[in-house]
Amino acid sequence: MTIPSDQLHLDPDQLDAYWMPFTANRQFKAAPRMVAKAEGMHYWTPEGRRILDGFAGLWCCNAGHNRKPIVEAIQKQAATMDYAPTFQVAQPLAFELANRIVDIAPEGMEHVFFCNSGSEAVDTALKIALAWHRVRGDGGRTRLIGRERGYHGVGFGGISVGGIVANRKMFGAMLAGVDHLPHTHSLEHNAYTRGEPQWGAHLADELERLVALHDASTIAAVIVEPMAGSTGVLMPPVGYLKRLREITKKHGILLIFDEVITAFGRLGGAFSADVYGVVPDMITFAKGVTSGTVPMGGVLVSNAVHDAFMTGPPGAIEIFHGYTYSAHVLACAAGVATLQLYRDEDLFARARKMAPVLEKALHSLKGTRHVIDIRNGGLVGAVELEPRAGAPGTRTYDTYVGCWEKGLLVRQAGEIICFAPALIVEESHIAEMVDTLRAVLARVD
Ligand code: PXG
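Figured I'd write up the structure that's included with this text.

Rules used throughout
- Counting from 1, residues in each chain are numbered in the order their sequence is written.
- Owing to the predicted nature of the model, reporting of local features is limited to residues with pLDDT of at least 70; listing and counting of side-chain atom pairs is limited to 80 or more, with chain, interface and lining totals taken over all residues.
- One bridge is not enough; two strands pair if DSSP finds at least two bridges between them.
- For helices the rule is a DSSP run of H or I covering at least 4 residues; for strands it is a run of E covering at least 2, with both sets numbered from the N terminus onward.
- What counts as an axis is a line fitted to C-alpha atoms, over the stretch in contact for a helix, and the angles between N-to-C directions run from 0 to 180 degrees.
- Contact between two residues is assigned whenever their backbone-derived C-beta positions fall within 7 Å.
- Helix span, expected: 1.5 Å multiplied by one less than the number of residues in the helix.
- Counting other C-beta atoms within 10 Å of its own, a residue is labelled buried from 20 upward, exposed at 12 or fewer, and partly exposed in the gap between, with every C-beta atom placed from the backbone.
- To form a nonpolar core, buried Ala, Val, Leu, Ile, Met, Phe, Trp, Tyr and Cys residues must be joined through C-beta atoms within 7 Å.
- Per the annotation, domain bounds derive from an automatic or database assignment of domains.

### Digging into the sheet that holds strand β4 (residues 109–115)
Then comes step 1: Spatially, β4-β10-β9-β8-β7-β5-β6 is the arrangement adopted by the 7 strands of the open sheet, whose pairing is mixed. Since the sheet does not close on itself, it has two edges, and those belong to β4 and β6 (178–181), each with one partner. This sheet shows a mean twist of 20 degrees between the axes of neighbouring strands, independent of strand direction.
Then comes step 2: By the bridge criterion, 4 bridges tie strand β9 (residues 282–285) to strand β10 (residues 297–302) in an arrangement that is antiparallel. Residue Met282 lies in a different strand from β10, and its bridge partner there is Val301.
Then comes step 3: Strands β4 and β10 of the sheet are contacted by helix α4 (residues 92–103), whose axis makes an angle of about 135 degrees with β4.
Then comes step 4: Along the sheet, helix α9 (residues 206–214) makes contact with β5 (143–147), β6 and β7 (219–224), crossing β6 at roughly 155 degrees.

So, in structure tokens, the structure goes:
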């Protein structure tokens, strides 16, 4: 069935062909929520209703929507060169973007491997970790350690180290030799924490237990999100990441930070090393690198990891890995323009400036009916609701839909409503987000 490109309204029978990801397709198609235009902090529905974007799309449009310098860079690049291969041929923008990322990266992390999404970035990082041990003659290190409630995308590597039951249980045995750290969420100890919770650093010591169980000589890498985003904004307990770094270093295990959400300003710095002062061996990124405009992901790699691959004969391919669209030229153009815009508008500093405004506004919801926890950090916030007895997720879903109907896009993660506005957010937008949620909660059963 063809849909004319100028026809924004779709009939119900035109909704069937597209199988939507991570969506209740039949529920959605019975009452679709569509957007057709975006600018700055807002979306517009096809009918012209304005929606405040409280979630930067899906944690990605950090510079705000349809920013002119990014749009123009993409348009110009599309008209100049649509595609260039990156196996044994290259285009200058890939190098320029890699250099710009390295310029804002933690010291000693000076190499970037590009791919097209966070999921690919995670698989790439896990493969580099396994290969790194092998090229150094330590190929017995094949075990990967993730964390409960971790989200590392949907590739087989990512769901194996990930810790979300629903994302794992349908898909067989996954990668062998994976274990998990405990998650750090605790309503009992940390409810209503502003920023990093005081309780929980000791949970990093569970890594010592896994090392004792499996032996360090079998473990290749540990991967964690510095702040767990998808399972509802779990800020790292004070000292937790530092402890993970100490233990991994002590045992020769690589530490990977999955910064698909946290990089590029979300927590107020380019990477969480700027925020928490802990430098891993690899950082995965995606989303904010192009402010969501063109798919792109990548892995920022430490010199020590990279250099170990550069020791064989110069004519030998160092790693048999990459994608047709690694460093796609449109994504590189978008990435260069995005990083320039972050710098020109000092948007990471702006995130730091607006973070306390978001914190204060969100925590004003304490005591509102159904609310059992509020947590935040940088330009991220979460409000956890008491589940309806016997009907998990439904109260939060109704809240999510209620916000949409009142012109606000948020994100539902189980019983948690998440906020992650673009870094250009104004105080008035934050007030509108919180007032809207408050009004909806007053009405939802
Ligand atoms: N790692 C992390 C930490 C992520 O948050 C991925 C990897 C995978 O990225 P891709 O580009 O393959 O989707 C993510 C993605 C949500 C939500 O609602 C989160 C993501 C994606 C979609 C929705 O929290 N994170």
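Read on for the rest.
### With respect to helix α5 (residues 118–135)
Then comes step 1: A rise of 1.5 Å per residue sets the reference length of α5, with its 18 residues, at 26 Å; its end C-alpha atoms lie 25 Å apart and thus fit the reference within 8%.
Then comes step 2: A positive backbone phi angle near 80 degrees is found at Gly137, which sits one or two residues after α5.

### Overview of the environment of Asp123
Then comes step 1: Looking at the element boundaries, Asp123 is found in helix α5.
Then comes step 2: Its 23 C-beta neighbours within 10 Å are what place Asp123 among the buried residues.
Then comes step 3: Distance in space between the C-alpha atoms of Asp123 and Ala308 is 19 Å, their sequence separation being 185 residues.
Then comes step 4: Residues within four places of Asp123 in sequence aside, it is in contact with Gly155, Gly157 and Gly158.

### A word on the sheet that holds strand β3 (residues 50–53)
Strand pairing in a sheet takes place through backbone hydrogen bonds and is either antiparallel or parallel in direction.
Then comes step 1: The strand order across the open sheet built from 4 strands is β1-β2-β3-β13, with neighbouring strands paired in mixed fashion. Because the sheet does not close on itself, it has two edges, and the strands there are β1 (37–39) and β13 (408–409).

### Describing the pairing of β4
Then comes step 1: By the criterion of burial, β4 is predominantly enclosed, with 5 of the 7 residues buried.
Then comes step 2: Alignment of β4 against β10, held across 6 bridges, turns out to be antiparallel. Note that in β10 the partner of Cys115 across the bridge is Gly297.

### Details of the nonpolar core
Then comes step 1: Judged by nonpolar contacts, the single largest core of 125 residues is most densely connected at Ala221, Val222, Ile256, Met282, Leu300 and Cys418.
Then comes step 2: Considering every element that reaches this core, the biggest residue donor is helix α13 (residues 329–344), with 11 residues.
Then comes step 3: Built from parts of two domains, this core gets at least three residues from each of domain 1 (12–63 + 346–443) and domain 2 (71–344).
Then comes step 4: Residues in contact with Ala221, not counting those within four places in the same chain, are Leu126, Ala129, Leu144, Ile253, Leu254 and Ile256.

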